[in-house]
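Listed below are the residues making up each chain.
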Amino acid sequence: HSTATNGKPIVVMADPVSSLDRAGAIGISTYIWSEPVACEDTEQVFLLTHSFELFRQWDIQIDGLTGSRGPNNNKGYTSNTYELASHYCHIQGEFIRTPVLSAWPPNENVRKKVRSSYHHAFMTAAYAHNELMNDSSMEKKLDATLLYPNVLRRLLETFLAFKTPASNNGFAGAMRDMGAKLESMGYQGDPNALRLELTRFTHAYSHADSPETDTVMNPDEIGSTITAVFTFMNAIDQDHFRGLCQLIGADPKQLLQEPKPKDNTRKEVHNV
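Model, not experiment: these values are computed from the prediction. (Residues numbered from 1 in each chain as written. Predicted model: local features only at pLDDT ≥ 70, side-chain atom pairs only at ≥ 80, totals over all residues. Heavy atoms only, no water.)

Caption draft 1: Geometry of the overall build of the protein. When you go through the protein residue by residue, the secondary structure sums to 10 helices and 4 strands. Written out in order from the N terminus, the α and β elements of the protein read β-α-β-α-β-β-α-α-α-α-α-α-α-α. Relative to its 272 residues, the protein shows a buried fraction of 38%. For the protein, long-range pairs separated by at least 24 residues make up 65% of all intrachain contacts whose partners lie at least 6 apart in sequence. Summing over all exposed atoms, the protein offers an accessible surface of approximately 16300 Å²; the carbon and sulfur share of this is 51%. (Helix = DSSP H or I, 4+ residues; strand = E, 2+ residues; numbered from the N terminus. Buried < 20%, exposed > 50% of the residue type's maximum accessible area, 1.4 Å probe, protein only. Contact = heavy atoms within 4.5 Å. Areas by Shrake-Rupley, 256 points an atom, 1.4 Å probe, with all protein chains shown as cover.)

Structure below.
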């Protein structure tokens, strides 16, 4: 217990809006913000959450803080944001999932711009693609398969909602509409093959249509599928795609290249 003589308390909150609807989440978030954060009765506040919306809202509110906890005090920012993710590591001949804590987002230029789940999904997929371009080892592929089926589906759903706001045919119907649009635009590739690849992938591996948990994704598919998503978005609306790339500092040409397997054979040097 903290008193006036031994300091202020440290508060740790683990996913306080879990299982709440939007109205309830906003209410809880407002209460938490007004009590342990804004009133400065606590020494430190740790907020752990799976909700990107809650994270986004707090990130915006931190910019508006005044006083000693605000970003304009003479000590600079008094808050930090991190992402906790699982990565596969090759340990003693086995692939083992290991938690990794890293600063999020990667730089301040991105931080204030990436404040929607759509931008976040695009950035996440782009960084995964670039990781696979640099290292197409099985560890990197397994890292990507942990999350990206759902991320890619959310990215496509939001993009389709933006491009076909009047469509009420569901995900598959919107994809068919976009496939027809690609064909009418003179797309150089096979629009139906591209559409079917993405539709099959998202239905098979994301949360969309089946509660089954025994469907295992082939890690070798993930690199080509991320590239197919970017190819699809670029073909439908190149300006939109390039604008997203500019936002996060990604090279659009590189995102349209499929990661290729590299020779990851370990080389050892022995002194004689």
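Caption draft 2: Seen up close, helix α1 (residues 22-37). Across its 16 residues, α1 extends 21 Å between first and last C-alpha, which sits within 8% of the 22 Å expected from 1.5 Å per residue. When α1 is considered as a whole, its buried residues turn out to be Ala25, Ser29, Ile32, Trp33, Pro36 and Val37. Relative to the axis of α1, the buried residues are bounded by an arc of 110° and lie together on one face. In α1, those exposed residues whose orientation departs by more than 90 degrees from the buried face are Ala23 and Tyr31. (Expected span 1.5 Å × (residues − 1). Arc of directions from axis to C-beta.)

Caption draft 3: Local environment of the packing of helix α4 (residues 117-134) against helix α9 (residues 238-248). Closest axis-to-axis distance for the α4/α9 pair is 10 Å, and the angle between their directions is 80°. Here α9 runs roughly perpendicular to α4, going by the angle between their axes. Residues Tyr118, His119, Phe122, Met123, Ala126 and Tyr127 of α4 form the contact with α9, whose participating residues are His240, Phe241, Leu244, Cys245, Leu247 and Ile248. A breakdown of the residues in the contact of α4 with α9 according to their chemical character gives 10 nonpolar, 2 polar and no charged. (Axes fitted to C-alpha atoms, helices over the stretch in contact; angles between N-to-C directions. Parallel < 35°, antiparallel > 145°, perpendicular 65-115°, else oblique. Nonpolar A, V, L, I, M, F, W, Y, C, P; charged D, E, K, R; others polar.)

Caption draft 4: Examining the nonpolar core more closely. Phe122, Leu155, Leu198, Phe230, Phe232, Met233 and Leu255 are the most contacted members of the largest nonpolar core, which has 42 residues in total. Breaking this core down by element, the ones donating at least two residues are α2 (52-63), α4, α5 (138-163), α6 (170-184), α7 (191-205), α8 (222-236) and α9. At 9 residues, α8 tops the list of elements feeding residues into this core. If we skip the residues at most four places from it in the chain, leucine 155 touches Tyr118, Ala121, Phe122, Ala125, Val229, Phe230 and Met233. Judged by nonpolar contacts, the second largest core, of 10 residues, contains Met13, Ala25, Ile32 and Val37. (Core = buried A, V, L, I, M, F, W, Y, C linked by side-chain atoms within 4.5 Å.)

Caption draft 5: Structural context of the side chain of threonine 164. Along the chain, threonine 164 falls in the loop between α5 and α6. We classify threonine 164 as buried; its relative accessible area is 13%. With sequence-adjacent residues up to four places away left out, threonine 164 is seen in contact with Ala174 and Met178.

Caption draft 6: Layout of α9. Listing the buried residues of α9 in full gives His240, Phe241, Leu244, Cys245, Leu247 and Ile248. Down the axis of α9, the smallest arc covering the buried residues is 160°, so these residues share one side. Set apart from the buried face of α9 by more than 90 degrees, the exposed residues are Asp239 and Gln246.

Caption draft 7: Representation of the packing of aromatic side chains. Following the criterion strictly, the structure yields 5 aromatic pairs and no others. Centroid distance phenylalanine 122 to phenylalanine 230: 5.3 Å. Interplanar angle 65°. Geometry classified as edge-to-face. Placement of the pair is phenylalanine 122 in helix α4 and phenylalanine 230 in helix α8, with a sequence separation of 108 residues. Accessibility expressed as a relative area gives 1% for phenylalanine 122, which makes it buried. In this structure phenylalanine 230 comes out as buried when scored by relative accessible area, which is 0%. When the centroid spacing of 5.9 Å and the interplanar angle of 75° are considered together, the rings of phenylalanine 122 and phenylalanine 241 count as edge-to-face. Here phenylalanine 122 is found in helix α4, whereas its partner phenylalanine 241 is found in helix α9, with 119 residues between them in sequence. Phenylalanine 241 carries the same exposure label as phenylalanine 122, and that label is buried. Taken together, the aromatic side chains of Phe122, Phe230 and Phe241 make up a single cluster linked through ring pairs. (Phe/Tyr/Trp six-rings, centres within 6.5 Å; stacked < 30°, edge-to-face > 60°.)

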